[in-house]
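Summary of structural features
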Amino acid sequence: MPTVSAREDARSRRESAVATAALAVLGLAALAVRGLPQLTPLLLALASALAAVVVARHAGRLDRRSRRPWRALTVVAGLLVAAQLLYVLDPAGGPGLSAWAQLPQVPAVPLAVAACLLLLPSRTRRGAVTRDLLDGGIVLVAVALAAALVLSDVLASSRGPLGALLVVGYPVTAALLSGVAVMVVVRADAPRRRAASWLLVTMLALAVVAVSGALANVVGDRAAGILTVLAWTAMLAAAVRAVDSDPGVPEAHADDAPAPALLGVVVSHVTAYGVAGVLLVLLALGHVLTAVELVLGGLLIALTCIRSLLWARDGGTLIRRLLQTEAYLRALAASAEDVTVILDAGGRVRWISGAADRQLGWTARELTGRRLADLVEPADRGVLDRVAAEVTTAVPAGLPPTVRLRSRGGHWRDVEISGAARAGVPGTALRDGLVLHLRDVTERRTAQRELERMAFTDYLTGLPNRARFVAALDDARGRAAAGEPSCVLLVDLDGFKAVNDVAGHEAGDQLLVQVADQLRGGAREQDLVARLGGDEFALLVAGGIDEATGLAERLVAALDRTFRAPGPRGTGSGPRFAVSGSIGVAGLDPADDPSATVRHADLALRAAKAAGKRCVRSSGEAIDAALSRRTRLARDLPAALDEGQLRVLYQPVVGVHDRRVLGLEALVRWEHPLLGTIPPDEFIPLAEEDGLIVPLQRYVLGVATRKAAVLLADGWDVQMGVNVSARHLQAGCLAPDVAAALTAAQLPAGKLILEITESVLLDMHDRLLSDLATLRGMGCVLSLDDFGAGYSSLAYLARLPVQVLKMDREFVAGIETDPRVRVLVAGVVELGRTLGMDVVAEGVETDGQLEQLRAMDCRFLQGYLFGRPMPFEQLRALLSGFDPSVLDAGGPVEPEVDAGVHLVGQDG
């Protein structure tokens, strides 16, 4: 169907308005000159010609198939023009008595019928056609019977055969056209139904013209003549409006279902009952029925009864189909995992399907009629309103919301709203209803909460871990901004290393558990005690610096004691160790981020340990010394790059199945001429802040690639890993720097592993991903370092083109003693296997850790158990003298059948 432009549509409407106004003027003029017999038909002929021109013009905007009914209607208007002109040329016979004037109107009747039928769809079901014909037949017979009743006396007084023929022919024609037009309105396509309705008005006006014309032509009723002029004008105006309302034949859709023909039944029955009522009134007034009236009345009753029976049959069929469809829908909804609930405008449950008792703790009968919001926890009731608003405004929803719903037994269940839709049923309580798909996720949410608790809990002591402590710091910063001060205490044990080295890790773990209990007991109820890692603890204290310092001094006194390590045959028989604690205190500034507060407390802790241990220092006391050291390091770092004070050490990465050293990690150290060895966590942040990280990493890349090329030339097939700063990535020059280092060393790109920390996930953008993809395309291996210690997001992980996950050492440290940590580590190994990534476990130091990792089939390991960071000169001895038996803790590992030899991060 061609599309009609908005400009063409507006022009057609303007032309229709002008034509309607002109027809009204011509109709009024015809009424005004009613005393001049020759002028009235002339004006009606002029009005008919105008309507024919407008109908033809408007039909031209439609396609060939759509314009067919309006072409036929144009011809009908032309024949009416001819008939009116013949009235003008034959005034002797009087209006309507000219036989010549009737000739053009004879072919106009079938053409008008054709115009109606051409509006019908091309394909219609046989049963529907039968019912439409019955509706049209009822209207036809009813109109014919009404005409017979009204015009019976007129027929008896008609003048001659022509007059009798006009009296009978006009009503029959009117009945035929009305019946056909009703059938068209009922069966027309929905887009064209408005045009069909205007065509019905046209035919009804034509029927009025026919009946009034019969009265006027036979008995000369002047009132009937006025009715004829008015009906004629209305007929032409309705014809113009009909063609103007037609959008054309719509496109066919396979899933369009035919609607029940209710309009045809209503029109036919109203017409039949109306005529029957007139007949009863006439019989009451003493009218005697003629044979024709008796036949028409009996036929009308028979047709109406047949149509009523068919309508009842259609209703029964429709009810059976509805019941069958409802059964299908119930079976479909019951087979789904979700429970489907339909709410009315008041939020009451009107329909429910699925395993409601199992999923929601209520039966369908118990829920029906109740307000769903009454069963939802008050804090979650706003979720239902938000879901309803999102459906109404078509706002895209994020993750499925979850509410807590009370079951019949009073227990709370976590119920997920997995889907929602509007249930609009006009004229019912569901006018503004809502369809919800509910799913019981109590077990899943419980598991999630347990995982969250494990993720925020230290495996050994049960205290909150670093992540939980940082989150609490962020909350406390908001309270500090509102006038509620807080402080941070960092606690470090003095003498802990001696316990670990002499008595073993089990004794060290016992000491940590005891210290945790002491800190928990010494802190107040409102204070948070956490273990950050190793022998370092932290407290978040509500109050000012003086209150926090007093608490710190009490804790130092409590920690100053002797620890008796367990002996080989039980507790209390091992060596004694003098254990104490040093504490750094820092106030929480709302303007600083949590990491800055921890850094200030760490500076205070270093000052405390430098002061001889067993003491407390605040950040104000330590800040001057720390600033002095930082200033000295920041000033000397550029010279360290130029004067060769930096050196690179290498730590091996071994393959469990390959039973050899597969890779090396390059680690940079700074040997300061006055301050001694500076740890990387102290001078790397300085390099990043002072803009020296790029030249520093260029230096490490150059050294590492050259040494890797030397090893490769000597026959050692190993890969070299280099840590990459997020600042180097953000600078946008990492890919060119890597390419330059590889070219200068003549090292294949596949032998270089670039280790990126999880902090890169905080700054994900298209350019960064493009740089990583470029490095991957060069052949370099990308590794995500310290996975699980920072911002671990599986959504971002799936987007990063990394091939290796390096598990943080804190996971490995607790794998022997805590089953929950074992579950997490096994999950990370399985995650890497699922994503096609190699997993490297860092910090492997004991045979027990090795045994657990081998049981999980973690194929790549790194840690002091296999070698400490060492200078390049010692690497050849390590590579040639590596003892594979160190990997046999717990028994030999059977290699995979198709494993072959794989290098860390190598595709395949």
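Residues numbered from 1 in each chain as written. Predicted model: local features only at pLDDT ≥ 70, side-chain atom pairs only at ≥ 80, totals over all residues. Heavy atoms only, no water.

What to know about the overall build of the protein chain
Where we set the bar: Strands are runs of DSSP state E lasting at least 2 residues, helices are runs of H or I lasting at least 4, and numbering of each runs from the N terminus. The buried label applies to any residue whose accessible area, calculated with a 1.4 Å probe on protein chains only, is under 20% of its type's maximum; exposed applies above 50%, and partly exposed to all values in between. Here, residues are in contact when the closest pair of their heavy atoms is within 4.5 Å. Only the protein chains shown count as cover for residues, and all accessible areas are computed by the Shrake-Rupley method using a 1.4 Å probe.
A tally of helices and strands in the protein chain yields 32 helices and 20 strands. Relative to its full complement of 908 residues, the protein chain shows a buried share of 45%. In the protein chain, of all internal contacts separated by at least 6 residues, the share reaching a separation of at least 24 is 69%. When the accessible area of the protein chain is evaluated, it comes to approximately 43,200 Å², of which 59% is carbon and sulfur surface.

Focus: the pairing of strand β18 (residues 804–807)
Just so we agree on the cut-off: Any two strands with at least two DSSP-identified bridges between them are counted as paired.
Burial along β18 is two-sided: the face carrying V804 and K806 and the face carrying L805 and M807 are both buried. Sheet topology note: the strand β17 (residues 781–787)/β18 ladder contains three bridges and is parallel. Counterpart to S783 in the pairing with β18 is V804. Direction of pairing for β18 relative to strand β19 (residues 838–841): parallel, over a ladder of four bridges. Within the sheet, the bridge partner assigned to M807 lies in β19 and is A841.

Remarks on the packing of aromatic side chains
The geometry of an aromatic ring pair is captured by the separation of the ring centres together with the interplanar angle, meaning the angle of the planes. Stated formally: Stacked, edge-to-face and tilted labels apply to pairs of Phe, Tyr and Trp rings (six-membered ring for Trp) whose centres lie within 6.5 Å, assigned for plane angles under 30 degrees, over 60, and everything in between, in that order. Lysine and arginine charges are scored as sitting over a ring when NZ or CZ, respectively, is within 6 Å of the ring centre and within 35 degrees of the ring normal.
Evaluated as defined, the whole model comprises two aromatic pairs. Their ring planes at 70° and their centres at 6.0 Å tell us that Y650 and F872 sit as a pair that is edge-to-face. Note that Y650 is positioned in strand β12 (residues 646–655) and F872 in the loop between β20 (860–861) and α32 (875–880), a separation of 222 residues in sequence. Given the relative accessible area of 0%, Y650 is considered buried. Their ring planes at 85° and their centres at 5.8 Å tell us that W670 and F683 sit as a pair that is edge-to-face. Separated by 13 residues along the polypeptide, W670 in strand β13 (residues 660–672) and F683 in helix α23 (residues 680–689) bring together distant segments of the chain. On the basis of relative accessible area, F683 is assigned to the buried category, the value being 0%. Over the aromatic face of F872 sits the side chain of K707, whose NZ or CZ is 4.7 Å from the ring centroid.

Some thoughts on the pattern of salt bridges
Note the cut-off: Definition used for salt bridges: Asp or Glu carboxyl oxygen within 4 Å of a side-chain nitrogen of Lys or Arg.
Scanning the entire structure with this criterion turns up 30 salt bridges. Of the charged contacts in the structure, one is a salt bridge between R477 and D474, with a shortest N-O distance of 3.1 Å. With a gap of three residues between them, R477 and D474 both fall in helix α17 (residues 466–481), about one helical turn apart. On the accessibility criterion, D474 (36% relative accessible area) is partly exposed.

Topic: the side chain of T597
Assignment of secondary structure puts T597 in helix α21 (residues 594–610). Discounting chain neighbours no more than four positions away, the residues touching T597 are V488, A586, G587, L588, D589 and D592.

Observations concerning the pairing of β17
Counting buried positions along β17 gives six out of seven residues, so the element sits mostly inside the fold. Here strand β16 (residues 752–757) pairs with β17 via five bridges, running parallel. Paired with I756 across the bridge in β17 is L784.

Things to note about the packing of helix α3 (residues 68–89) against helix α5 (residues 105–117)
Where we set the bar: For helices, the fitted line uses only the C-alpha atoms of the stretch in contact; every axis is such a line through C-alpha atoms, and the angle between N-to-C directions lies from 0 to 180 degrees. Each angle is binned into one of four classes, with values under 35 degrees roughly parallel, values over 145 roughly antiparallel, values of 65 to 115 roughly perpendicular, and all other values oblique. Crossings are sorted by hand: turned counterclockwise from the far helix by less than a right angle, the near helix makes the crossing left-handed, and turned clockwise it makes it right-handed.
Across the interface, α3 lies against α5 with an axial gap of 9 Å and an inter-helix angle of 160°. When the axis of α3 is compared with that of α5, the two are roughly antiparallel. Note that α3 runs across α5; the crossing there is left-handed. Here P69, A72, L73, V75, V76, L79, A83 and Y87 of α3 lie close against α5, whose contacting residues are Q105, P107, A108, L111, A112 and A115.

Regarding α21
Every α-helical turn comprises 3.6 residues, leaving residues that sit three or four positions apart pointing alike. Convention followed: The span expected for a helix works out to 1.5 Å for each residue beyond the first.
Spanning 17 residues, α21 covers 24 Å between terminal C-alpha atoms, matching the ideal 24 Å at 1.5 Å per step. For α21, every residue scored as buried is listed here: P594, A596, T597, V598, A601, A604, L605, A607 and A608.

Side note on a negative patch on the surface
Note the threshold: Residues enter patches when they are more than 30% accessible in relative terms and free of salt bridges; like-charged ones are connected within 9 Å and nonpolar ones (Val, Leu, Ile, Met, Phe, Trp, Tyr) within 5 Å. Charge counting follows a simple rule: Lys and Arg are positive, Asp and Glu are negative, and His as well as the terminal groups are ignored. By convention, charge coordinates are those of NZ in Lys, CZ in Arg, CG in Asp, or CD in Glu.
Together, E506, E816, D847 and E851 make up a negatively charged patch on the protein surface. For E506, the position within the fold is in helix α19 (residues 505–522).

A short note on a nonpolar patch on the surface
A cluster of nonpolar side chains, namely L39, L42 and L85, defines an oily patch on the protein surface of about 230 Å² accessible area. Residue L42 is classed as partly exposed on the basis of its relative accessible area of 40%.

With respect to unusual backbone geometry
A positive phi is found at R659, a non-glycine position, where the angle reads about 60°. Within the secondary structure, R659 is located in the loop between β12 and β13. Judged by relative accessible area, R659 falls into the partly exposed class, the value being 29%. Not every positive phi belongs to a glycine, and D857 is a case in point at roughly 60°. Among the structural elements, D857 can be located in the loop between α31 (847–855) and β20.

Observations regarding the environment of Y699
Its place among the elements puts Y699 in helix α24 (residues 693–713). Along the sequence, Y699 and L641 sit 58 residues apart, while their C-alpha atoms lie 8.1 Å from each other. Setting aside chain neighbours within four positions, we find Y699 in contact with L646, R647 and V648.

Focus: α5
Counted only if it meets this: It is the directions from the helix axis to the C-beta atoms that the arc portrays.
A rise of 1.5 Å per residue sets the reference length of α5, with its 13 residues, at 18 Å; its end C-alpha atoms lie 19 Å apart and thus fit the reference within 8%. Buried within α5 are the following residues: Q105, A108, A112, V113, A115 and C116. Here the buried residues of α5 occupy an arc of 155° about the axis, which is enough to place them on one side.

Looking at the side chain of D636
Following the sequence through the fold, D636 ends up in helix α22 (residues 619–643). A relative accessible area of 16% means that D636 is categorised as buried. In contact with D636, not counting residues within four places along its chain, are W670 and H672.

Section: the environment of M203
Looking at the element boundaries, M203 is found in helix α8 (residues 193–219). As for M203 and S178, which are separated by 25 residues in sequence, their C-alpha atoms are 5.9 Å apart. Beyond its immediate chain neighbours, meaning those up to four positions away, M203 contacts L73, A112, C116, L177, S178 and A181.

Comments concerning the confidence of the model for the protein chain
The line we're drawing: Confidence scores here are pLDDT values: one per residue, from the predictor, ranging 0 to 100.
When the pLDDT values of the protein chain are averaged, the result is 79; 82% of them are 70 or greater. When the criterion is pLDDT under 50, residues 92–97 qualifies, and its contacts beyond four places in sequence or with other chains add up to nine contacts. Counted against residues more than four places away or in other chains, residues 891–908, with its pLDDT under 50, gives 41 contacts.

Focus on the environment of S582
What counts is decided by this rule: Each polar contact in these results corresponds to two N or O atoms within 3.5 Å; when the atoms are within protein, one needs to be able to donate a hydrogen and the other to accept it, and residues that are neighboring in sequence are counted only if both atoms are side-chain atoms.
Checked against the element boundaries, S582 lands in strand β10 (residues 576–587). When sequence neighbours within four positions are dropped, the list of residues in contact with S582 reads L490, V491, D492, D494, L605, A608, K609, K613, R614 and C615. A distance of 2.9 Å separates polar atoms of two side chains, one belonging to S582 and the other to D494. At 3.4 Å, the side chain of S582 and the backbone nitrogen of R614 are in polar contact.

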